[in-house]
Structure formats: C-alpha cells, structure tokens
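Spelled out, the chains give:
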Amino acid sequence: MLFKIGKDIGVDLGTASVLVTVKGKGVVLNEPSVVAIDSDRDKTLAVGEEARSMLGRTPLNISAIRPLREGVIADFDITENMLRYFIQKAAGNSPFFKPRVMVCVPAGITSVEQRAVIEAVLNIGAKDVFLIEEPRAAALGADLDIFEPFGNMVIDIGGGTTDVAVISLGDIVKKESIRVGGDKLDEAIVRHIRDKHNLMIGERSAEEVKIQVASADPSTRNKTMEVRGRDIVTGLPKTLTVDSEMAYEAIKEPVNSILRSTHMVLEKTPPELAADIIDKGIVMTGGGALLHGLDTFLTDKLQCPVFIAEDPISSVVRGTGIALEMLDNIMDTLASSKKPV
C-alpha cells in the first residue's frame, strides 16, 4: 500500500538530501539522506532530519548512516527503507496503489547503478519508474528552454557529484560527471584542519566552515569562525579560529576539479552551441552552487558568464515535476522499468 496524492511522483534522490515533488502539488518534502540504525536490534530508529542530528553523536550500538554515496546507492536495503519512509511522509496516511515515479540520477551513472535505483523504487510499490539525468532536470527547473535548437549549459553541484552538461533539442549533447560535490568539500576541510593544525573536527563543523567562511575566491570574503574538536597530539578538546584564506586552501582542489570538468565539456561542445552558451551564459544549480564566490571564480576562469539559478537547491526536483508533466513527449529518452536500461 502506498499513498493517494496523485499518480506521478518525482524524487531527487541526492547524496545529501531527498526531495519529493507530487504532480499538481509541487515540492512536498525536503529531508537529509540520513538513517539512524540500532545494530543490536536491527531496527531503524530515525530517518531524515532527526537522524542527521545524531551524526557523530551516537552510542556504539547506533549508527547514523548515509546510504547514498557519490550520487548512487551504497546500501540498497537502507535506501529502500528510507525512500518508503519519505514517500509515505509526503503522502500522509492516504493509500494509493502503483504510482508512476521519476527519479533524478547523476549523468555518469552506470547501468548497474541504474538498475539498483529502479529496483529500489519498484520494491516500494511503484507501477513504473523513469530515470532522468540531473542536469537535464536541473535545466528544466531553472526555466531554461531546452527543447529549442539552442545550446544551454548547466553545472549541477550536488552532495556527491557534479554534473556538467550541454543540452539542446531536449537532450544532452555533451556531458561530464565527476564524483566531487559538497561532501568532498567538507572532507577537504576536515583533512586540511587535521593535517595542518592537528585538530580533528566532525562533518557538521566542516559544513559550517564551508557555509559561513569558505569562498572559491578568498579575495571576496574575509570572515572567521571558531571550530571545536579534538587535538590529535594531546587528545584533549581544542578550539581553532578558521578564516576564509584557510578555508580556501582546504577546498581549492575540489573547486579546481569542477573547473576542469566544465572546461572539458566546453572543449567538446560544437562551435554553434558554444556560441549560444557564450551569449546566454552557464547556469549553476544544486546546493554546491551556493559556495561563496564560485560563480565569479568560474566566470573569470572560463571567460563566460556563470549564473546561479533562482532556487538552486530545488531546481532538480522542480525540473522533475516539469518532466512529469511532459512525460509522454520525453519518455523515449528516459531509462525506465519498462525497457532494458
């Protein structure tokens, strides 16, 4: 039994968060992709925001798990349970059988990873499952007219992956997908502070540094904040003041990886479409697009205007809702449960 909220449901199955949209209702859910498990009783204790608050703070018998890594399913059973919980939460208590579900996936996903997503969604009661590449959904959600014979370029920076794509006539012309996103930025901050300052901090502290202090262009930001963690040498609690320059040193390698992948796609783009992109600019979506200074950094390095979408975090799921509205017209370009992937 599932839910009675419409026959078509869109899911942005992200490494950092899951967003759900329902045809005719818009975005109805936005929760972290985290599940808390009691290993002694093999029981799910919490999902979403409640589970996220437990990260780094659980006793030995409880694990706060992120079942999606780098944009794909890392733990199939936990992902399936998480999806069931989120969709039921989005639906309330009204039963409905066999909806059609569209799921956003990274542009570089393999056929094996596609099958894992399709199987997980079918197991929670879907009638049909369709997969749409995140940059294509992001372009729709950013209000780009991708069905005209003009070049549109999107950089979608999620928690686990960055997808760069040039889109024309409704489909992807050139694309590049790298497993670098918000998580890699957080890991880079943790690693830098550990190696340079002998301080071990947690994921959530690193994320706060990324949001409050870090910049892809340190000359445009000069902020500081205190972070607390464990001194590796003494084993005692310690406080460190982190500034924008220090944060930039930590994140510059993953930021340069995003730059390189974008440059590679531009190099492969046909000249006519490249000319369109220079005129219209490049649109950034995803939570990673909100990294301070990233738009100006890429504009300077690529010699092409780079803009942040109006609502970058929900662009992909909103684009999924738009794709659901025109499903009959684009079905042939989607991987689905009805045909071999």
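Residues numbered from 1 in each chain as written. Predicted model: local features only at pLDDT ≥ 70, side-chain atom pairs only at ≥ 80, totals over all residues. Heavy atoms only, no water.

Examining the sheet that holds strand β4 (residues 35-38)
For step 1, the next point in the chain: Strands sit in the order β5-β4-β6 across an open sheet of three strands; the sheet is antiparallel. Both outer strands of the open sheet, β5 (43-47) and β6 (62-65), are each paired with one neighbouring strand and no more. Mean inter-strand twist for the sheet, computed between neighbouring axes without regard to direction, equals 25°.
For step 2, the next point in the chain: Where β4 meets β5, four bridges bridge the pair, whose relative direction is antiparallel. (Pairing = 2+ DSSP bridges. Helix = DSSP H or I, 4+ residues; strand = E, 2+ residues; numbered from the N terminus. Axes fitted to C-alpha atoms, helices over the stretch in contact; angles between N-to-C directions.)

Details of the nonpolar core
For step 1, the next point in the chain: With 42 residues, the main nonpolar core has L294 and L298 as its most contacted residues.
For step 2, the next point in the chain: If one sorts the elements of this core by residue count, helix α7 (residues 244-268) sits on top with eight residues.
For step 3, the next point in the chain: Among the domains, domain 2 (138-180 + 256-312) and domain 3 (182-251) are the pair contributing at least three residues each to this core.
For step 4, the next point in the chain: Non-local contacts of L298, meaning those with residues more than four positions away in its chain, are made with I155, L259, M284, Q303, C304 and V306.
For step 5, the next point in the chain: Membership of the second largest hydrophobic core comes to 30 residues, among which are L13, L68, A90 and L131. (Core = buried A, V, L, I, M, F, W, Y, C linked by side-chain atoms within 4.5 Å. Buried < 20%, exposed > 50% of the residue type's maximum accessible area, 1.4 Å probe, protein only. Domains from an automatic or database assignment. Contact = heavy atoms within 4.5 Å.)

Some words on the sheet that holds strand β17 (residues 282-285)
Adjacent strands of a sheet form backbone hydrogen bonds with each other and so pair up, either parallel or antiparallel.
For step 1, the next point in the chain: If you walk across this open sheet you meet the five strands as β13-β12-β11-β17-β18, and the pairing is mixed. The two strands at the open ends of the sheet, each matched to only one other strand, are β13 (171-178) and β18 (306-308). Going across the sheet, the axis of each strand differs from the next one's by a mean of 20°, ignoring polarity.
For step 2, the next point in the chain: Here six bridges tie strand β11 (residues 152-157) to strand β12 (residues 162-168), and the two strands are oriented antiparallel to one another. Bridge pairing in β12 places N152 opposite I167.
For step 3, the next point in the chain: Strands in contact with helix α9 (residues 294-302) are β11, β17 and β18; relative to β18, the strand with the most contacts, it is inclined by about 165°.

Details of the domain arrangement of the protein chain
For step 1, the next point in the chain: Domain annotation of the protein chain identifies domain 1 (9-136 + 316-336), domain 2 (138-180 + 256-312) and domain 3 (182-251).
For step 2, the next point in the chain: Centre-to-centre separation of domain 2 and domain 3, based on C-alpha positions: 28 Å.
For step 3, the next point in the chain: Between domain 2 and domain 3, the contact holds 10 residues from the first and 12 residues from the second.
For step 4, the next point in the chain: Together domain 2 and domain 3 conceal approximately 860 Å² of surface at their shared face, both sides included; 62% is due to carbon and sulfur atoms.
For step 5, the next point in the chain: At the boundary of domain 2 and domain 3, one finds zero salt bridges.
For step 6, the next point in the chain: At the boundary of domain 2 and domain 3, one finds five residue pairs in polar contact (both at pLDDT 80 or more).
For step 7, the next point in the chain: Considered class by class, the residues forming the side of domain 2 that touches domain 3 number four nonpolar, five polar and one charged. (Buried area = accessible area lost by both parts, 1.4 Å probe. Salt bridge = Lys/Arg side-chain N within 4 Å of Asp/Glu carboxyl O. Polar contact = N/O pair within 3.5 Å; in protein donor to acceptor, adjacent residues only side chain to side chain. Nonpolar A, V, L, I, M, F, W, Y, C, P; charged D, E, K, R; others polar.)

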